[in-house]
Amino acid sequence: MTILVTGGLGYIGSHTVVELLKNNFEVVIVDDLSNSEKFILENIEEVSGKKPIFYPFDLRRKELIHQLFDAHHIEGCINFAAYKAVGESQEKPLDYYENNLFILINILQEFKNRNISNFIFSSSCTVYGQADEMPIHETTPLKMPESVYGKTKQMGEEIILDFAKAYHKKISLLRYFNPIGAHPSGKLGELPLGIPNNLVPFVTQTAAGIRKELSIFGNDYPTLDGTAVRDYIYVVDLAKAHVAALQKLIASTEDTVLDIYNLGTGNGSSVLEVVQAFEKANQVAVPYKICDRRVGDITIAYANATKAEKELGWKADTTLEIALKTTWQWQKYLESRN
Ligand code: NAD
Ligand code: WQD
């Protein structure tokens, strides 16, 4: 089967492409390289021993998407392509709404017009905001996200649910918690553009001496050590969940499927625990200072991921330390390229 992977040269997309190829799917990638680089494609080929088809274009361009669907017998799509920087989304709301929602609608139009099913959407735990219950279940009420980025995810989910009901499609909304780590080959990972916003890339660059010290945003949260708690999921585990979700959609004989899964480990780790695990895993120091809380941050978020385990036969079982080891390996690889 041929699967379209939008944003397939991005962080999570590239790892998922490798897993799809391993499972004998044909893969067509579209990525405009706005947040990736061409060498990722070469590394996907090296790691998987297979060659996905690649088109470097902007998915806001409807006519190019139309031509792509004319040229390939696409039978499913995993839609990763989006802008994802929370802070930037506040400064450039129209760019975020345009990019994240137009990409989605353009592809759904092709699915509708050509009678294609099997659509997977990259959603986020951000749709839950600061949830009133912990762990977070798929049925935990959603809250209006603080950021424009978060709103594009919530709006995206709404659009897809309406689409699936009206046109009888099979869809899966995957709500990722905090993806971290890199491919064990050391050849694929996250490419942070500029100063990283996310914790693990910042920790990594601090350990590497690129940043002087990590600012820990708040140690007065009502948690065990006062720092905020998240559910850090290893990117390869996350990639495998996409294959499992896709296989479930394909196998279903129903004409309409509306799957929603939390993808996390089920465990919360504090910022300090992440720093300590990184230091232990890699035997390297991470200098840090305690700062004020970051505006818009929540205190705690971790998943109940038992639905995915039950229905997909999938579980995130890579430890924080192993995930953080691969991040360091990826950092070394990036340094060796310069
Ligand atoms: P990423 O930025 O590494 O990957 C996204 C890819 O999409 C990039 O390679 C970029 O070049 C491409 N892209 C963006 N706009 C495009 C356009 N108009 N046309 C063609 N290509 C375009 O991000 P990621 O971390 O791999 O995230 C993948 C998806 O998962 C995103 O939808 C993101 O919102 C979602 N998500 C990410 C996280 C996270 O923490 N990384 C958490 C939850 C959800
Ligand atoms: C984790 C913890 C920070 C950086 C973001 C998006 C969310 C989702 C996942 C896409 C927090 C603390 C961080 C630093 C720190 N992405 N921190 N110093 O905020 O949980 O979620 O990524 O959908 O939408 O908002 O992740 O990695 O930014 O932060 O102390 O330099 O680390 O305050 O407690 P977050 P994060």
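Up top you'll find the structure we're talking about.
If you're wondering where the values come from, they're calculated on a predicted model, not measured in any experiment.

When the terminal C-alpha atoms of helix H5 (residues 93-113) are compared, their 30 Å separation across 21 residues agrees well with the 30 Å that a helix rising 1.5 Å per residue should span. Restricting attention to buried positions, one finds in H5 the residues Tyr96, Asn99, Asn100, Leu101, Ile103, Leu104, Asn106, Ile107, Leu108, Glu110 and Phe111. Among the structural elements, strand E1 (2-6), helix H3 (62-71), strand E4 (74-79), helix H4 (86-91), strand E5 (119-124) and helix H6 (148-167) are those in contact with the buried residues of H5. Backbone geometry just after H5 places asparagine 115 at a positive phi near 60°.

Turning next to the sheet that holds strand E2 (residues 26-30). Spatially, seven strands are ordered E3-E2-E1-E4-E5-E6-E11 in an open sheet, and the strand pairing comes out parallel. In this open sheet, the two edge strands, each paired with only one partner strand, are strand E3 (53-55) and strand E11 (257-263). The mean inter-strand angle of the sheet, taken between neighbouring strand axes irrespective of direction, is 15°. Pairing between E1 and E2: five bridges, direction parallel. Paired with valine 5 across the two strands is isoleucine 29, which belongs to E2.

It is worth spelling out the site of ligand 1 at this point. Close to ligand 1 lie 28 residues; Asp31, Asn35, Lys84, Asn99 and Tyr149 are nearest. Take glycine 10: an N or O atom from its main chain is 3.3 Å from an oxygen atom of ligand 1. Contacts to ligand 1 include isoleucine 12, whose backbone N or O atom sits 2.8 Å from an oxygen atom. Within the complex, 96% of the 820 Å² of free accessible area of ligand 1 lies under protein. Breaking the shell around ligand 1 down by element, the ones donating at least two residues are helix H1 (11-22), H5, E5 and H6. In terms of residue count, E5 provides more of the shell around ligand 1 than any other element does, three residues in total. Residues belonging to the shell around ligand 1 are distributed by class as follows: 14 nonpolar, nine polar and five charged.

On to the pattern of salt bridges. Considering all chains together, one arrives at 19 salt bridges under this definition. Lysine 84 is the salt-bridge partner of glutamate 190, the closest N and O atoms lying 3.0 Å from each other. Taken together, the residues glutamate 190 in the loop between strand E7 (178-180) and helix H7 (199-207) and lysine 84 in the loop between E4 and H4 connect sequence positions 106 residues apart. For glutamate 190, a relative accessible area of 16% gives the class buried.

Here the focus is the nonpolar core. Leu20, Ile44 and Leu263 are the most contacted members of the largest nonpolar core, which totals 67 residues. Looking at this core, the element that brings in the most residues is helix H8 (residues 235-251), giving nine residues. For leucine 263, the contacting residues outside a window of four places in its chain are Leu174, Arg175, Tyr176, Phe177, Ile233, Leu238, Ala241, Ala308 and Trp314. Val30, Leu59, Phe111 and Ile116 belong to the second largest nonpolar core, which has 27 residues in total.

For the peptide bond that leads from methionine 134 to proline 135, omega is 0°, which places it in the cis range. The backbone phi angle of asparagine 115 is positive, close to 60°, even though this residue is not glycine. Residue placement: asparagine 115 occurs in the loop between H5 and E5.

All right, on to H3 then. Here H3 has its buried residues at Leu64, Ile65, Leu68 and Phe69. Considered in projection along H3, the buried side chains sweep an arc of 140° and stay on one side of the axis. Structural note: H3 exposes Lys62, Asp70 and Ala71 on the side pointing more than 90 degrees away from its buried face. Buried residues belonging to H3 abut E1, E2, E3, E4 and H5.

Here is what the cut-offs are and how they apply
- Residues numbered from 1 in each chain as written.
- Chains lettered and ligands numbered in written order.
- Predicted model: local features only at pLDDT ≥ 70, side-chain atom pairs only at ≥ 80, totals over all residues.
- Heavy atoms only, no water.
- Helix = DSSP H or I, 4+ residues; strand = E, 2+ residues; numbered from the N terminus.
- Expected span 1.5 Å × (residues − 1).
- Buried < 20%, exposed > 50% of the residue type's maximum accessible area, 1.4 Å probe, protein only.
- Contact = heavy atoms within 4.5 Å.
- Pairing = 2+ DSSP bridges.
- Axes fitted to C-alpha atoms, helices over the stretch in contact; angles between N-to-C directions.
- Near = heavy atom within 4 Å.
- Polar contact = N/O pair within 3.5 Å; in protein donor to acceptor, adjacent residues only side chain to side chain.
- Areas by Shrake-Rupley, 256 points an atom, 1.4 Å probe, with all protein chains shown as cover.
- Nonpolar A, V, L, I, M, F, W, Y, C, P; charged D, E, K, R; others polar.
- Salt bridge = Lys/Arg side-chain N within 4 Å of Asp/Glu carboxyl O.
- Core = buried A, V, L, I, M, F, W, Y, C linked by side-chain atoms within 4.5 Å.
- Arc of directions from axis to C-beta.

Fair warning: the whole summary comes from geometry, so function is off the table for now.
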